[in-house]
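Each chain is listed here by its residues.
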Amino acid sequence: MCKRYDIASYIPQRPPFVFIDTIEEVDAKGARTRFAISESCPLVVDGILPLSGVMENVAQTCATMAKGAIAYIGEVKQMEVLRFPHVGEIVCTEAKVLQEWLNILLVECTTQVNDETIAIATLKIATITDNAAK
Amino acid sequence: MLQNSLYYIVRNDQNVYTIRFDASHPIFAGHFPEHPIVPGACLVQIAEELAAATYGHAVRFTALRNLRFSRPIIPNQEVTIPIKQTEENALNFQFLVSNSEYARFTALNECLYR
């Protein structure tokens, strides 16, 4: 349970555009991350993380599942934000793979603050693996 | 606000905005090192700011529908963004580079809804 994950080896984003602090669990089928919202986060506006920032947190959570590969959002089929998380709050985002075709993952994500669901999203993540040389 | 830091509006012709990016903005150092790409999340935030400029009051998107990022936008590309109101509380955004669609989505907006 105390396994430590090095964020920089799981996602290609670097400061100031890193939207996860810790990876709690990750494998090919799902991931769970935590992110403390700070005033220095580049998408924070008026003390809240708007939909764009929650989306980036969700996307980076999904990207951890493609360790070593480049992962990007192809589509967001739908996303709802029930309330905006505030500076000082910690969001916990869980991603579950619903389906997988070749390099496309259909992922369902739920973002919570203290067990209160604040956002849900269904998105398609595309991955580019560096297998060509093998 | 990303406006006047990450991007600048160079034209606004009846809710068709044309913007340019500041390639030296710190966000590009992290997204991604040596391969700067405009983050998709920033396109959503830019859309929210342009919606506020259009309506003359703060806007917060509460939902997205049918978002598609077709091609990556790099910082030296000029992007044209037509905004269309499709329902009372819904705005449709397209991100065009040289008339090709690089991204699009529909955003639902709490302020308009009320």
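Nothing here was measured: the structure is a model prediction, and the numbers come from that model.

Student: Now, about the packing of helix 2 (residues 51–63) of chain A against helix 2 (residues 40–55) of chain B: what can you tell me, with residues and values included?
Tutor: At a minimum axis distance of 8 Å, the contact between helix 2 of chain A and helix 2 of chain B shows a crossing angle of 170°. Looking at the two axes, helix 2 of chain A sits roughly antiparallel to helix 2 of chain B. Note on element contacts: helix 2 of chain B touches helix 2 of chain A through A41, V44, Q45 and E48 of chain B, opposite L51, S52, G53, M55 and E56 of chain A. Across the contact of helix 2 of chain A with helix 2 of chain B, the residue classes tally to four nonpolar, three polar and two charged.

Student: Explain the interface of chain A and chain B to me, using residue names and the numbers behind them.
Tutor: On the chain B side, the residues contacting the 23 residues of chain A number 21 residues. The set of elements that each furnish at least two residues to the side of chain A that touches chain B consists of helix 2 and strand 3 (70–81) of chain A. When residues of the side of chain A that touches chain B are assigned to their parent elements, the largest contribution, eight residues, is made by strand 3 of chain A. Across five bridges, the pairing between strand 3 of chain A and strand 3 (residues 61–69) of chain B is antiparallel. Within the sheet, the bridge partner assigned to M79 of chain A lies in strand 3 of chain B and is L64 of chain B.

Student: Describe unusual backbone geometry, and please don't skip the residues or the numbers.
Tutor: Residue and element names in this part refer to chain A. For the bond running from P15 to P16, omega is 5°, close enough to zero to count as cis. A positive phi angle, near 45°, is found at L102, a position not held by glycine. For L102, the position within the fold is in the loop between strand 4 (90–101) and strand 5 (104–113).

Student: Tell me about the nonpolar core, and name the residues and values.
Tutor: Grouped burial of nonpolar side chains is what soluble globular proteins tend to show. M55 and C62 of chain A together with L64 of chain B are the most contacted members of the largest nonpolar core, which totals 69 residues. Ranked by residues supplied to this core, first place goes to helix 2 of chain B with eight residues.

Student: Go over helix 2 of chain B with me, naming the residues and quoting the values.
Tutor: Residues and elements named next belong to chain B. End to end, helix 2 covers 23 Å across 16 residues, agreeing with the expected 22 Å (1.5 Å per residue, within 8%). By the criterion of burial, helix 2 is predominantly enclosed, with 12 of the 16 residues buried. Those residues of helix 2 that fall on the buried side of the exposure criterion are G40, A41, C42, L43, V44, Q45, I46, A47, E48, E49, L50 and A51. Of the residues flanking the end of helix 2, it is G56, one or two places downstream, whose phi is positive at about 80°.

Student: An account of the pairing of strand 2 (residues 30–36) of chain A is needed here, citing residue identities and associated values.
Tutor: All names here are of chain A. Side-chain alternation along strand 2 places A31, T33 and F35 on a buried face and G30, R32, R34 and A36 on a face that remains uncovered. In terms of strand pairing, strand 1 (residues 22–27) meets strand 2 through five bridges, oriented antiparallel. When the sheet's bridge partners are listed, D27 is paired in strand 2 with G30. Between strand 1 and the antiparallel strand that follows it, strand 2, lie two residues. Two strands pair when backbone bridges link them, and strand 2 and strand 4 are joined in this way by seven bridges, in the antiparallel orientation. Bridge pairing links A31 to A95 in strand 4.

Student: Can you tell me about the environment of Y55 of chain B, naming the residues and giving the values?
Tutor: One can find Y55 of chain B in helix 2. Through-space distance from the C-alpha of Y55 of chain B to that of A90 of chain B is 13 Å; in sequence the pair is 35 residues apart.

Student: Could you give an account of the sheet that holds strand 1 of chain A, naming the residues involved and the relevant values?
Tutor: As summarised here, the arrangement of the 12 strands in space is 1(A)-2(A)-4(A)-5(A)-6(A)-3(A)-3(B)-6(B)-5(B)-4(B)-2(B)-1(B), forming an open sheet in which the pairing is antiparallel. At either end of the open sheet lies a strand with only one pairing partner, and these are strand 1 of chain A together with strand 1 (7–12) of chain B. Here the strands of the sheet are splayed against their neighbours by 25° on average, with no regard to which way each runs. By the bridge criterion, five bridges tie strand 1 of chain B to strand 2 (residues 16–21) of chain B in an arrangement that is antiparallel. The residue bridging R11 of chain B from the neighbouring strand is T18 of chain B, located in strand 2 of chain B.

Rules used in this analysis
- Residues numbered from 1 in each chain as written.
- Chains lettered and ligands numbered in written order.
- Predicted model: local features only at pLDDT ≥ 70, side-chain atom pairs only at ≥ 80, totals over all residues.
- Axes fitted to C-alpha atoms, helices over the stretch in contact; angles between N-to-C directions.
- Helix = DSSP H or I, 4+ residues; strand = E, 2+ residues; numbered from the N terminus.
- Parallel < 35°, antiparallel > 145°, perpendicular 65-115°, else oblique.
- Contact = placed C-beta atoms within 7 Å.
- Nonpolar A, V, L, I, M, F, W, Y, C, P; charged D, E, K, R; others polar.
- Pairing = 2+ DSSP bridges.
- Core = buried A, V, L, I, M, F, W, Y, C linked by C-beta atoms within 7 Å.
- Buried ≥ 20, exposed ≤ 12 C-beta atoms within 10 Å, placed from the backbone.
- Expected span 1.5 Å × (residues − 1).

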